[in-house]
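Summary of the model geometry
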Amino acid sequence: MKAGKIISFLHKKKRWGLIVLAVLVFIAAAWLCHYLVRYQFYHAYRAYLNENVYEEGTPFRALADASKDVAGMELAAESKCLKLYANVKTGEVAVYDKRNGQTVYSNPPDADQDSVANKVNLNYLKSQLILQYYNSDVVSGTMDSYSVSVSKKRLTAEKLKDGIRFVYAMGEPSENAIHFEVPLEYRLKDDYLEATVPAGQVKEYNGSIYRIQLLRYFGAASAKESGYTVVPNGCGSLIYFNNGKTQESAYSQYVYELDPLVSNYTTIENVIPAKLPLFALCREKNSVLGTIESGASLSLISADVAGKFNDYNYAYATFVVRNADNLRMFGDNTQDVYVLEKEPYNVDCTVRYSFLTEENKGYVGVGTYYRNRLLGEGALKATPDSGDIPFYCDVIAGIRETSHFLGVQYLHSFAMTTYDEAKEMSKELTEAGISKQVMNLQGWFNGGYYHDAADVVHPLRVLGSKKDLRQLSELLREKGGRLYLDVQFQKVSFADNGFPYNMEASRYYSGYVVSFGAVDPTTLRNTANLGYKEIRYNLLSPKYLPRYVKKFVKQIGKYDVDGISLRDLGNVLASDKRRTNIIDREQALSVVKGQFEELKKTGKSLMTNAANAYAFAYSDDVINAPVSANQYRITDADVPLYGMILHGSVSYAGDLMNFEDKDRLATALLELIESGASPHFVFTREESSEMKNTAMNSFYCTTFANWKEEAAFVYEKVNEVLREVNGAKMQNHEILDNGLRRITYDNGNVIRVNYSAEALSDGGITVPAKSYHLEGTR
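The present account deals with the structure reproduced in this document. (Residues numbered from 1 in each chain as written. Predicted model: local features only at pLDDT ≥ 70, side-chain atom pairs only at ≥ 80, totals over all residues. Heavy atoms only, no water.)

**Here we look at the overall build of the chain**
Helix and strand content of the chain: 12 helices and 44 strands. A compact globule built from 778 residues should have a C-alpha radius of gyration of about 28 Å, and the chain, at 29 Å, falls within 12% of that. Overall, the C-alpha framework of the chain stretches about 110 × 80 × 45 Å when taken along its three principal axes. As displayed, the chain has an accessible area near 33500 Å², and 49% of this comes from carbon and sulfur atoms. Side chains of the chain carry 87 positive and 93 negative charges; the gap between the two charge centres is 8 Å. (Helix = DSSP H or I, 4+ residues; strand = E, 2+ residues; numbered from the N terminus. Rg over C-alpha atoms; globule rule 2.2 N^0.38 Å. Areas by Shrake-Rupley, 256 points an atom, 1.4 Å probe, with all protein chains shown as cover. Lys, Arg positive; Asp, Glu negative; His and termini not counted. Charge placed at Lys NZ, Arg CZ, Asp CG, Glu CD.)

**Side note on the nonpolar core**
Where a protein is soluble and globular, its nonpolar side chains tend to be buried together. One finds Leu84, Tyr186, Phe552, Phe616, Phe683 and Ile751 to be the most contacted residues of the largest nonpolar core, which totals 179 residues. If one sorts the elements of this core by residue count, helix α12 (residues 704-722) sits on top with nine residues. Ignoring sequence-local partners within four residues, the contact set of phenylalanine 552 consists of Phe445, Ala454, Val457, Val487, Phe489, Ile564 and Leu599. Phe414, Met416, Met696 and Phe699 belong to the second largest nonpolar core, which has 15 residues in total. (Core = buried A, V, L, I, M, F, W, Y, C linked by side-chain atoms within 4.5 Å. Buried < 20%, exposed > 50% of the residue type's maximum accessible area, 1.4 Å probe, protein only. Contact = heavy atoms within 4.5 Å.)

**Here we look at the sheet that holds strand β39 (residues 730-735)**
Ordered by their spatial adjacency, four strands build an open sheet running β39-β40-β41-β44, and the pairing between neighbours is antiparallel. Each edge of the open sheet carries a strand with a single partner, namely β39 and β44 (771-775). Mean inter-strand twist for the sheet, computed between neighbouring axes without regard to direction, equals 15°. In terms of strand pairing, strand β40 (residues 741-745) meets strand β41 (residues 750-754) through four bridges, oriented antiparallel. Paired with isoleucine 743 across the two strands is isoleucine 751, which belongs to β41. Across the sheet, α12 lies against β41 and β44, angled at about 30° from β44, the strand it touches most. (Pairing = 2+ DSSP bridges. Axes fitted to C-alpha atoms, helices over the stretch in contact; angles between N-to-C directions.)

**Concerning the pattern of salt bridges**
Oppositely charged side chains can form a pair if their charged atoms are brought close together. Inspection of the entire model under this criterion finds 43 salt bridges. In this structure, the salt-bridge partner of glutamate 194 is arginine 352, at a minimum N-O distance of 3.9 Å. Placement of the pair is glutamate 194 in strand β11 (residues 192-198) and arginine 352 in strand β24 (residues 348-356), with a sequence separation of 158 residues. Residue glutamate 194 shares its accessibility class with arginine 352, and that shared class is buried. The shortest N-O distance in the salt bridge between glutamate 341 and lysine 577 comes to 2.9 Å. Taken together, the positions of glutamate 341 in the loop between β23 (335-340) and β24 and lysine 577 in the loop between β33 (563-566) and α9 (585-600) put the pair 236 residues apart, joining distant regions of the chain. Relative accessible area serves as the criterion here: at 5%, glutamate 341 is assigned to the buried category. One salt-bridge network, held together by shared partners, links Glu55, Glu158, Arg165, Glu185 and Arg187. (Salt bridge = Lys/Arg side-chain N within 4 Å of Asp/Glu carboxyl O.)

**Some thoughts on the packing of helix α11 (residues 665-675) against α12**
The contact between α11 and α12 brings their axes to 10 Å, and the two run at 35°. In the crossing of α11 with α12, the sense of the turn from one axis to the other is right-handed. Within the contact between the two elements, α11 uses Leu665, Leu669, Leu672 and Ile673 and α12 uses Glu710, Val714, Lys717, Val718, Val721 and Leu722. Tallied by class, the residues present in the contact of α11 with α12 amount to eight nonpolar, no polar and two charged. (Left-handed = near helix turned anticlockwise from the far one by under 90°. Nonpolar A, V, L, I, M, F, W, Y, C, P; charged D, E, K, R; others polar.)

**Comments concerning the packing of helix α8 (residues 545-556) against α9**
Axis separation between α8 and α9 bottoms out at 10 Å; the angle between their running directions is 10°. Accordingly, the angle class assigned to the pair α8 and α9 is roughly parallel. For the pair α8 and α9, contact is made by Leu545, Pro546, Val549, Phe552 and Val553 and by Val591, Val592, Gln595, Glu598 and Leu599, respectively. (Parallel < 35°, antiparallel > 145°, perpendicular 65-115°, else oblique.)

**Notes on the pairing of strand β8 (residues 155-160)**
Here strand β1 (residues 58-59) runs beside β8; their pairing, made up of two bridges, is antiparallel. Paired with threonine 58 across the strands is lysine 159, a residue of β8. Pairing geometry for β8 and strand β9 (residues 163-170), over six bridges, is antiparallel. Directly across from lysine 159, in β9, lies its bridge partner isoleucine 164. The hairpin formed by β8 and β9 contains two residues between the paired strands.

**Regarding unusual backbone geometry**
The phi angle at asparagine 242 is positive, at roughly 55°, despite the residue not being glycine. Turning to its location among the elements, asparagine 242 is positioned in the loop between β16 (237-240) and β17 (251-254). For alanine 610, which is not glycine, the phi torsion reads 50° and is therefore positive. Assessed through its relative accessible area of 13%, alanine 610 is described here as buried.

**Notes on the sheet that holds strand β2 (residues 74-78)**
Taken in spatial order, the four strands of this open sheet run β2-β3-β4-β5, and their pairing is antiparallel. Since the sheet does not close on itself, it has two edges, and those belong to β2 and β5 (103-105), each with one partner. Ignoring strand direction, the axes of neighbouring strands in this sheet form an average angle of 25°. As defined by bridge partners, β2 adjoins strand β3 (residues 82-86) across four bridges and the pair is classed as antiparallel. For leucine 75, the partnering residue across the bridge sits in β3 and is tyrosine 85.

**Notes on the packing of aromatic side chains**
Under the definition given, this model contains 32 aromatic pairs. Ring geometry for tyrosine 228 versus tyrosine 363: centroids 5.9 Å apart, planes at 55°, classification tilted. With a gap of 135 residues between them, tyrosine 228 in strand β15 (residues 228-231) and tyrosine 363 in helix α4 (residues 362-377) connect regions that are remote in the sequence. Aromatic side chains phenylalanine 391 and tyrosine 715 sit 5.8 Å apart centroid to centroid with 90° between the ring planes, which places their arrangement in the edge-to-face category. Of this pair, phenylalanine 391 sits in strand β25 (residues 391-396) while tyrosine 715 sits in helix α12, and the two are 324 residues apart along the sequence. Taken as a pair, phenylalanine 391 and tyrosine 715 share a single burial class, namely buried. Among the aromatic residues, those joined into a ring-pair cluster are Phe391, Phe681, Phe683, Phe704, Trp707 and Tyr715. We note lysine 466 situated over the ring of tyrosine 559; from NZ or CZ to the ring centre the distance is 5.0 Å. Of note, arginine 547 hangs over the ring of tyrosine 42, and the distance from its end group to the ring centre comes to 4.1 Å. (Phe/Tyr/Trp six-rings, centres within 6.5 Å; stacked < 30°, edge-to-face > 60°. Lys NZ or Arg CZ within 6 Å of the ring centre and 35° of its normal.)

**What about the state of the cysteines?**
As enumerated under the stated definition, the model contains zero disulfides in all. Sulfur of cysteine 81: no disulfide; nearest cysteine sulfur belongs to cysteine 282 and is 19 Å away. The structure places no disulfide on cysteine 393, whose sulfur is separated from the nearest cysteine sulfur, that of cysteine 701, by 15 Å. A relative accessible area of 1% places cysteine 393 in the buried class. (Disulfide = S-S within 2.5 Å.)

**Here's the deal with helix α5 (residues 419-431)**
In a regular helix each residue adds 1.5 Å, so 13 residues correspond to 18 Å; α5 covers 19 Å between its end C-alpha atoms and thus fits that length. Those residues of α5 that sit buried are Tyr419, Ala422, Lys423, Met425, Ser426 and Leu429. The arc that holds the buried residues of α5, viewed along the axis, is 160°, so those residues lie on one side. Summarising the contacts, the buried residues of α5 are in contact with β25, β28 (437-442), α6 (466-478), β38 (680-683) and α12. Positive backbone phi, approximately 100°, marks glycine 433, located one or two places after α5. (Expected span 1.5 Å × (residues − 1). Arc of directions from axis to C-beta.)

Spelled out as structure tokens, the structure:
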């Protein structure tokens, strides 16, 4: 009897054990399925990627040429405006412009007579490509196409539909030597030439290319010529030909900044990024505009002057086709390991060279041509705006602070500005003379300003109801303004405890997740939390970005507001270096542009923060647009190129005026007027001191009551001028000999801006020191 009970008990125990085991297996299987579906098999991002098409070439045969316009070369292609000539022995090309008889060369035709260049730099002058590479020991080297290919007669030419392809065999072609085969394609269109290195078609032997300098001296200007180089330094800058600054560093900036994943963790200077993928060489009667059509996110633009390395002024693009970095391995024996990406990025490195005639001369012609091109392609649209310009204000609604309950620390959300308080602020601004208000509501959901990942939308109840939010939107709309709800998709705060950063954050070469933060004032490391964990953040991998945007789009339609403000989508561009699924930066750009398309489908207006050029096509408003430039010593003047392109199509504002030094406030106001940009402030209804012990303590001057009068003053000054040109295009911009700046709009109005400390005159009009003057059709 007792034995039977024991056996029965054992059977039950075994049965329960099997049940528990089955449950555990089921849970494990369910988790595995979830893991595979959510992470391993999730490839929605691939739908946004572009495939490169490689055109097969045929043996090159020159075209019949009725008029031999370039001596020593054969006709390779011809369009309505241009003729492309090529020298199949040297790889040189030349473009003859039938409209004005001007010829632009890929390399200086008089290179051998250069009075400055040594042997290496003379080879560079004769080269179309300069490669930087690593050998098997990850030691870097440089090859130029002239000395290792052309001079060795290792160049072949192929016919393309609209041009020619050169294939450079660079280096000694043996089993042990480092050598490469690099194709360079030229395609002639109506008024431009496209030059492309299809990186996916490059063949590497015993070495790895990491940088390609493309056509370094295309259109280079000799020391005898006058003009300047246009570079995308902040708002735009000019480098005068032959400026004598041969002891200064060359201009060089990454387009759209350096990839955050490979940038330095130490911040030694604050730099205004290059937001336009273009450069230009402007002579008296014609200009050559270079625009990076493909591979811009992997490129940097450089420019230098005659007298340093050679007799020429030049500008060019360099493409980073694979990355490498030095990793420090810690342990018993700390050592550095150099990591090199196995394969080059499969990207077409393409620069379009547009040939501008006298009607589009100078930097104004560059801006006008590029703007008209974007208008023609539908990337920009003429705006019907007129009358008062917008007044842009960021309103900080909810933020987090550290609190404790029974000794347990947690983050508590509280209101700095409720919806009702925002309405009251709007009414007070209207009474102060500011009616057309564009409000960017920050910290309205998911915990506050440093909000949780945006795949869910949980508005902060402490701010008010959905009805209160709708009423705020209606109030602004009635006065000709808009309400935008702010969101950042790519930067995910450490405050979000539910974000699976190990799976969905971008990774570095070694496999670890990269995190960022504020700059530590003692070490200058840009990974600090300064005592508040929400300041630190991970970057959402571009692989998973579509999932988060899709979920956000499904939920944002429930809110009756005019627009969505994109804090990071238009200015942050990061790759993902995880070894099993590398997504390069150019692929990330395609994914980001795809998300702009998805957000645009909501029917809501889009505001972009510090918009890079790829965001122009989707932006209705831009805030924190560059209205100044970095003061590099090689540059000679700053010009509002960014504003020239956008004005009349997209409304834009400069940086926050709250944080301008009082001594610089007058200059900042003049920069807005010259650039055609609206004022931009940030407000809180509560005293900014309430944020002293929070992660928002850097916003120390936001109290609305303290800034209302100042904001009204700035707006009045800027609006009284720019309202007369609202919706118009910048027709001309001139820097006069006395330093006065004269801006002419296509509606007949002329604005003069005087940055100097003394009165200046032009055309019988005297402009007081640190002031401006409007002349026109009022």
